[in-house]
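# Descriptive analysis of the structure
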Amino acid sequence: MSEPILKCNELHKRFLVGDGVDAVKDVRLTVAPGEFVLIMGPSGCGKTTLLNLLGGLDRPTRGEVILKHRKFSRLSENELARMRRTLVGFVFQFFNLLPDLTAAENVALPMRMIGLGHEEVARRTLELLDEVGMVDRASHSPYELSGGEQQRVAVARALANRPAVVLADEPTGNLDSQSGNRVMELFSRFNARHGQTFVVASHDRGFREYATKVVHMLDGAVVRMEDRTGAVTP
Amino acid sequence: MLFLRMALRNARRNLSRSLLALVSMAVAAAILTGTLSMADGYPRGAFWEHRRLAGADVVVYAERAALPGPGSGEKLQWELGMDAHSSDLLQHFPLLGRRGYLALPQVRTFDLAQLPDGFAHQQIAAVEPFLAMPVFVRVPGSADVLPAVLRGRDLDVDRAVWQLAGFTPSDDGALVCLVNRNVPPGWPDFSEHPALVVEVPRVVVHGPAGTIYDYTQRRQFILEVRGVYAFPASVTDAVAQGRDAAEAAEDPGYLPSQQIFVPAGTLERIFEAVGGTGGFRYVHQLGVRVESMVRALEVATYLQERLPWARVFTLPQLVRAAWGQAGQVPVSRDVTRTFTYLAFALAGMLVTTNMFILVTQRRREIGVLKAIGASSGEIVLMVLAETMTLAVLGSVLGFALVRGFYLVVYLASQVSLARVGLDTLRVAAYVIGLGSLTALLAGLVPSVLAARSTAREVLRHE
Ligand SMILES: Nc1ncnc2c1ncn2[C@@H]1O[C@H](COP(=O)(O)OP(=O)(O)OP(=O)(O)O)[C@@H](O)[C@H]1O
Ligand SMILES: [Mg+2]
């Protein structure tokens, strides 16, 4: 097995409300390049919290996240932000396209933030929109797109800078099954064709067939790790 | 660039909220522009003169509004001195008054017998020759003699202008006088005495070159004090004297003057008694009263054509020249300043509120930007870009509206374009600068708070 691209050790997150909620409990996870990791578990089990930690949007109470040899605990907020620009792509349940920008501008935004040249941005934006089947809606505002269409644009945006990992939180949670399937197919295509690494949190069993690894969580802890390539670890 | 575009589109999307911020900024800028244009602006002090004279008759001066002085050159000169004889201008420019007068190097007299008969402009309400004689006055029984000026007042005309009290038409020619209600420094209060002793120098020559007096030969007249008069001073002046501005606005205050008023007929009688012949024929200046201030310039042009040798000034022109020469007069700007800053504080609060609403509405968006990798600085930039754009637009709008109004007013009173331009730039820089600064300060806290909120809580739930 190749060198992990994303790794976390004894990752723990405690929210200080009431008696304290341990949303993520000592999670250990390694993700190799090209893997498709599916995180499953009942509502409130800590999937979103874990993804936030893996993306550097939140700081763990203990433990460490290492993405491409970068230890998050050593990075400042601004360094984390800069790291996200190039290494992490996010896909959210509620699409979260920027409402003041067109579809194309949304896709172009991460590339412009890292200072890519105009022409290259334009070219790659088209390419990405083409891959998600949204070229003809490039100049549309998010209001003019359906949920499924918005999510496809959001996928293109997440992939813009060829991130080390795409973190997706319930990417189909707000879509009808047909749109959801399209998004799933997109994920699998990028995974298969470009070797794009994915970590997806979802209730959607449909993702199972694409996953190389399924992580089952309960009450913040990983209860079972299913390696779809074969072995099952307790 | 992209952030600016996002900011602008967001401003457009939330039009009513944006307009509120813009309008509040515009109002503050308008107030500041108005304040600066009035109290601090252009031309200094002219506003008060305008105000004092608004609705009243306005004097269009002929050349003799400015009296001869020792200087040379073409321009009006400001002379320091207390030559009472020369201080006619005091009547119309009380603010100038105490220490000097305007002078023109070349002097000619108006021959009243030969005035062009074409003074028939329908805007001209009255033509007043200003009659004055240098005299020395003292209280009966006292040896202290003070230089003063004896002025003849046309009872019909002046009553309307100066609201003189105490004369009746039958007084014309009688030895009666009015003294100033406000005693100039160092003078006894003449109004407490029933009569004044006036020593009048002998008239040696009264001709086209002017009037020459022999001060060594004087004749005494005893004038019965009929009452007091007063020159209203402007509010600025009253405030400069240390009075409360609000109170001063109610009661404009009155200026000291060393002029003793007598009816025109009385002055002529005295003039003849000291050797003048044929009454006043050559006078130093003409006052031309016009019906409306707005038409003063038109009348001045009309007069200039008929008196090509004279230099005709409108009151605002003279005020401007005088202020230019006299330098800045201390104007109390405390009240207006306070008002202005309050307006900006209020606008700032509205902007802050607007920004808080903005960042609350855009929480999710800001979270997304952070997730994509925008730094806190970039988010602050984006939020501030919107605030600043609205603030600058608002400031420009408020400035342009109010300043535009003042430009019309001041250009109508014939102010040099260069000065208007320079002052306009200065006021613009100040107003827009202060507007931007307010917006910057007002937007800073909300935007920094927004940038610091972590993306995770933003993205969690809808
Ligand atoms: N900011 C927070 N403060 C306090 N508790 C929190 C916070 N965020 C999450 N939690 C708690 O942590 C636990 C895990 O939440 P999380 O959102 O990660 O679950 P989830 O698996 O994503 O659930 P779902 O499937 O409903 O999205 C929950 O009990 C939740 O109430
Ligand atoms: Mg969740």
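Figured I'd write up the structure that's included with this text. (Residues numbered from 1 in each chain as written. Chains lettered and ligands numbered in written order. Predicted model: local features only at pLDDT ≥ 70, side-chain atom pairs only at ≥ 80, totals over all residues. Heavy atoms only, no water.)

### With respect to the overall build of chain B
Of the regular secondary structure elements, chain B holds 15 helices and 17 strands. Buried residues in chain B amount to 54% of all 462 residues. For chain B, the proportion of contacts with a sequence separation of at least 24, taken over those separated by at least 6, is 79%. When the accessible surface of chain B is totalled, it reaches about 19900 Å², and 60% of it is carbon and sulfur. (Helix = DSSP H or I, 4+ residues; strand = E, 2+ residues; numbered from the N terminus. Buried < 20%, exposed > 50% of the residue type's maximum accessible area, 1.4 Å probe, protein only. Contact = heavy atoms within 4.5 Å. Areas by Shrake-Rupley, 256 points an atom, 1.4 Å probe, with all protein chains shown as cover.)

### With respect to the overall build of chain A
Regarding its fold elements, chain A presents six helices and 11 strands. Of all 234 residues assigned to chain A, the portion counted as buried reaches 57%. In chain A, the share of contacts with a sequence separation of at least 24, taken over all contacts with a separation of at least 6, comes to 67%. With the model as given, the accessible surface of chain A reaches about 10000 Å², and the carbon-plus-sulfur share is 48%.

### Thoughts on the sheet that holds strand β2 (residues 21-31) of chain A
All names here are of chain A. The strand order β2-β1-β4-β5 describes an open sheet built from four strands, whose pairing is antiparallel. The sheet terminates laterally at β2 and β5 (70-71), the two strands that pair on one side only. Pairing geometry for strand β4 (residues 62-67) and β5, over two bridges, is antiparallel. Residue pairing across strands places L67 opposite R70, the latter belonging to β5. Across the sheet, helix α1 (residues 47-54) touches β1 (6-15), β2 and β4, and the angle it forms with β1 is around 125°. (Pairing = 2+ DSSP bridges. Axes fitted to C-alpha atoms, helices over the stretch in contact; angles between N-to-C directions.)

### Overview of the interface of chain B and chain A
Taken together, the contacts link 26 residues of chain B with 27 residues of chain A. Approximately 2400 Å² of surface area, both sides summed, lies buried where chain B meets chain A, with 57% of it carried by carbon and sulfur atoms. Taken together, the connections running from chain B to chain A amount to three salt bridges. Our enumeration of links across chain B and chain A arrives at eight residue pairs in polar contact (both at pLDDT 80 or more). When contributions to the side of chain B that touches chain A are tallied by element, the ones reaching two or more residues are α1 (2-13), α12 (363-372), α13 (376-412) and α15 (455-460) of chain B. (Buried area = accessible area lost by both parts, 1.4 Å probe. Salt bridge = Lys/Arg side-chain N within 4 Å of Asp/Glu carboxyl O. Polar contact = N/O pair within 3.5 Å; in protein donor to acceptor, adjacent residues only side chain to side chain.)

### So, the packing of helix α3 (residues 103-113) of chain A against α1 of chain B
For the pair α3 of chain A and α1 of chain B, the least separation of the axes is 11 Å and the interaxial angle reads 145°. Across from E105, L109, R112 and M113 of chain A in α3 of chain A, the residues of α1 of chain B making contact are L2, F3, R5 and R9 of chain B. Among the residues forming the contact of α3 of chain A with α1 of chain B, the class breakdown is four nonpolar, no polar and four charged. (Nonpolar A, V, L, I, M, F, W, Y, C, P; charged D, E, K, R; others polar.)

### Things to note about the pattern of salt bridges
Counted according to the given criterion, the structure contains 21 salt bridges over all chains. For E365 of chain B, the salt bridge is made with R362 of chain B, and the minimal N-O distance between the two is 3.1 Å. By the burial criterion, E365 of chain B is buried, and R362 of chain B matches it. Within the structure, one salt-bridge network assembled from shared partners comprises D100 of chain A together with R17, R362, E365 and E386 of chain B.

### Some remarks on a nonpolar patch on the surface
Residue and element names in this part refer to chain B. A surface patch of nonpolar side chains, amounting to about 660 Å² of accessible area, comprises F356, L437, L440, L441, L444, V445, V448 and L449. Of all the elements, helix α14 (residues 417-452) adds the most residues to the nonpolar patch, at seven residues. Along the chain, L444 turns up in helix α14. (Patch = residues over 30% accessible without salt bridge, like charges linked within 9 Å, V, L, I, M, F, W, Y side chains within 5 Å.)

### Comments concerning unusual backbone geometry
Residue and element names in this part refer to chain A. Non-glycine residue H69 carries a positive phi angle of around 70°. When you line up the elements, H69 lands in the loop between β4 and β5. A relative accessible area of 64% means that H69 is categorised as exposed. Although it is not a glycine, F95 sits at a positive phi angle of roughly 60°. Of note, F95 is situated in the loop between β6 (88-91) and α3.

### Quick word on α1 of chain A
All names here are of chain A. Among the eight residues of α1, seven are classified as buried, and the element is accordingly described as predominantly covered. Along α1, the residues classified as buried are K47, T49, L50, L51, N52, L53 and L54. Following α1 by one or two positions, G56 adopts a phi angle in the positive range, close to 75°.

### Some details on helix α8 (residues 264-273) of chain B
All names here are of chain B. Every buried residue belonging to α8 is among A264, T266, L267, I270 and F271, and all of these are buried. Down the axis of α8, the buried side of the element spans an arc of 160°, and every buried residue falls inside it. Of the residues trailing α8, G275 is marked for its positive phi of about 110°. (Arc of directions from axis to C-beta.)

### Focus on a negative patch on the surface
Residue and element names in this part refer to chain B. A contiguous patch of negative charge on the surface is contributed by D154, D172, E268 and E272. Examined against the element boundaries, D172 turns out to sit in the loop between α5 (155-162) and β9 (176-180). Of the residues examined, D172 reaches a relative accessible area of 43% and is grouped as partly exposed. (Lys, Arg positive; Asp, Glu negative; His and termini not counted. Charge placed at Lys NZ, Arg CZ, Asp CG, Glu CD.)

### Description of the environment of Y215 of chain B
Considering the arrangement of structural elements, one finds Y215 of chain B in strand β11 (residues 210-229). The contact partners of Y215 of chain B, leaving out residues within four places of it in the chain, are P134, F136 and P201 of chain B.

### Regarding the nonpolar core
Generally speaking, soluble globular proteins have nonpolar side chains that are buried together. Membership of the largest hydrophobic core comes to 39 residues, with the highest contact counts inside it found for L98 and L109 of chain A together with M6, I366, L369 and V431 of chain B. Among the elements that line this core, the one with the most residues is α14 of chain B, at eight residues. Here L98 of chain A is in contact with N106, L109, P142 and R157 of chain A together with M6, E365, V368 and L369 of chain B, once residues within four sequence places are set aside. One finds F95, V153, V155 and V200 of chain A within the second-largest nonpolar core, a separate group that totals 37 residues. (Core = buried A, V, L, I, M, F, W, Y, C linked by side-chain atoms within 4.5 Å.)

### Some words on the side chain of R362 of chain B
Following the sequence through the fold, R362 of chain B ends up in the loop between α11 (334-361) and α12. Of the residues examined, R362 of chain B reaches a relative accessible area of 1% and is grouped as buried. There is a polar contact of 3.0 Å between the side chain of R362 of chain B and the side chain of E386 of chain B. If near-sequence neighbours (up to four positions away) are discounted, R362 of chain B is found in contact with D100 of chain A together with M6, N10, M382 and E386 of chain B.

### Observations regarding the pairing of strand β3 (residues 36-40) of chain A
All names here are of chain A. A large share of β3 lies buried, amounting to five of its five residues. Here four bridges tie β3 to strand β9 (residues 213-218), and the two strands are oriented parallel to one another. When the bridges of β9 are listed, I39 appears paired with V215.

### Some points on the packing of aromatic side chains
Going through the model one piece at a time under the given rule, you end up with six aromatic pairs over all chains. Put simply, the rings of F36, F187, F198 and F207 of chain A touch in pairs and so form one group of aromatic residues. Seen from the ring of F136 of chain B, R218 of chain B lies directly overhead, with NZ or CZ sitting 4.0 Å from the centre. (Phe/Tyr/Trp six-rings, centres within 6.5 Å; stacked < 30°, edge-to-face > 60°. Lys NZ or Arg CZ within 6 Å of the ring centre and 35° of its normal.)

### Thoughts on the environment of A113 of chain B
All names here are of chain B. Within the secondary structure, A113 sits in the loop between β5 (110-111) and β6 (124-129). A residue is classified by how much of its surface remains accessible, and A113, at 56% relative accessible area, is exposed. Distance from A113 to Y282, taken between C-alpha atoms, is 8.3 Å for residues 169 residues apart in sequence.

### Let's talk about the environment of S376 of chain B
Among the secondary structure elements, S376 of chain B is positioned in helix α13. By relative accessible area, which is 22% here, S376 of chain B ends up partly exposed. A C-alpha to C-alpha distance of 9.6 Å links S376 of chain B and I366 of chain B, two positions 10 residues apart in sequence. When near neighbours in sequence (up to four residues on either side) are disregarded, S376 of chain B contacts N78 of chain A together with K370 and A451 of chain B.

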